[in-house]
Each structure stands twice: as C-alpha cells, then as structure tokens.
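Results of the structural survey
Listed below, chain by chain, are the residues.
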Amino acid sequence: MVFATGNQPAGPRPQVEVLVTPGCPHRDAAIALAERVCEQLGSHAEIRVVQVPDQAAAEQARFLGSPSIRVNGCDIEPDAEQNVELVYGCRLYQGAHSLHGLPEEDWLRQALGNPEARP
C-alpha cells in the first residue's frame, strides 16, 4: 500500500515507511501520524506501509517492533540504531512519563525537516 502526499516536487521525495505486523493495534494511528505530519509540514513524502509478516522478515528488515516509522530508511526514534534486538511484535516508545504505542510526532518532524542529518 502506497500513499503519496501533495504534488510531486522536481527532486527526490523523502520516503516515509510505516512498518507494521499483521493485526498491529497501532497501525492506523501510525499511518495517520505520518500523513498528518507530512501534511502539516507541506512535505511531498511518499508514505509506504510495509507489512512485516514474521520473525525472519523482521530480522531481514532490521525491524524494532510494530509500529516503526522510518524516513529514508532510518528509524525516527533517537538512538534507535543502537538497539540490537529485532522484534516481531509490539513496540513501545518511552515518553516523558510513560510508555506509548506510537513514536513522538516531533521525531518525525525532525527527520522530515532534515532527512540528510539522520544516521
């Protein structure tokens, strides 16, 4: 499934991937987050939903859990590249006071605002 936002710019568009497992309870909210942030920023990013069907696919995709959001192949969570555990299952994100099933909007804004700066 591919969603494109906005008009096509002359240069390459950022690629936003929403990686999910089948039945992920945060799938729709993660897609909505990506669409909302791209629209608010006026980004012409291409949003792709990528199904991760099993543990083997999780390992091949270097999947950190469902949902994961990547910009140009890099996970938007700060320091995510340090995580070595590849998980076919739910992903939790540490918020200011508790765990959440979605990444912070600001992480996606930062990644889209300066995709070249991402690791």
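That block above? That's the structure.
No experiment lies behind these values; they were computed from the predicted model shown.

1. Concerning helix α1 (residues 27-41)
End to end, α1 covers 21 Å across 15 residues, agreeing with the expected 21 Å (1.5 Å per residue, within 8%). Residue G42 follows α1 closely and has a positive phi angle near 70°.

2. Quick look at the side chain of E46
Tracing the backbone shows E46 in strand β3 (residues 46-51). In terms of polar contacts, E46 uses its side chain to reach the side chain of R48, at 2.6 Å.

3. Description of the pattern of salt bridges
All chains considered together, the criterion is met by seven salt bridges. One salt bridge in this structure joins R13 and E46, with 2.9 Å as the shortest N-O distance. A residue pair is termed long-range when its members are at least 10 positions apart, and R13 in the loop between β1 (2-4) and β2 (15-20) and E46 in strand β3 qualify at 33 residues. For the salt bridge of E105 with R109, the shortest nitrogen-to-oxygen distance reads 3.1 Å. Of this pair, E105 and R109 both sit in helix α3 (residues 105-113), four residues apart, roughly one helical turn. Connected through salt bridges with shared partners, the residues R13, E46 and R48 form a single ionic network.

4. Re the pairing of strand β4 (residues 68-71)
For a regular strand, side-chain orientation follows a simple rule: the groups alternate between the two sheet faces. Side-chain alternation along β4 places S68 and R70 on one buried face and I69 and V71 on a second face that is also buried. With two bridges joining them, β4 and strand β5 (residues 74-75) adopt antiparallel strand pairing. By the bridge assignment, R70 is partnered in β5 with D75. In this antiparallel pair of consecutive strands, β4 and β5, the connection spans two residues, and N72 shows a positive phi of 50°.

5. Overview of α3
Listed in full, the buried residues belonging to α3 are W107, L108, A111 and L112. The buried residues of α3 occupy an angular sector of 125° when projected down its axis, which confines them to one face. If you follow the buried residues of α3, they end up packed against β2, α1, β4 and β6 (93-94).

6. Notes on the environment of G65
Relative to the helices and strands, G65 resides in the loop between α2 (55-60) and β4. For the pair G65 and V20, spaced 45 residues apart in the sequence, the C-alpha separation amounts to 7.5 Å. Setting aside its immediate chain neighbours within four residues, G65 contacts L19, V87, G89, C90 and R91.

7. Quick notes on unusual backbone geometry
Cis geometry is found at the peptide bond from S66 to P67, where omega equals 0°. With respect to the helices and strands, P67 occurs in the loop between α2 and β4. Positioned with a positive phi, R62 is a non-glycine residue whose angle comes to about 50°. Examined against the element boundaries, R62 turns out to sit in the loop between α2 and β4. For D79, which is not a glycine, the phi torsion comes out positive at approximately 65°. Structurally, the position occupied by D79 is in the loop between β5 and β6.

Thresholds, definitions, all that
Residues numbered from 1 in each chain as written. Predicted model: local features only at pLDDT ≥ 70, side-chain atom pairs only at ≥ 80, totals over all residues. Heavy atoms only, no water. Helix = DSSP H or I, 4+ residues; strand = E, 2+ residues; numbered from the N terminus. Expected span 1.5 Å × (residues − 1). Polar contact = N/O pair within 3.5 Å; in protein donor to acceptor, adjacent residues only side chain to side chain. Salt bridge = Lys/Arg side-chain N within 4 Å of Asp/Glu carboxyl O. Buried < 20%, exposed > 50% of the residue type's maximum accessible area, 1.4 Å probe, protein only. Pairing = 2+ DSSP bridges. Arc of directions from axis to C-beta. Contact = heavy atoms within 4.5 Å.

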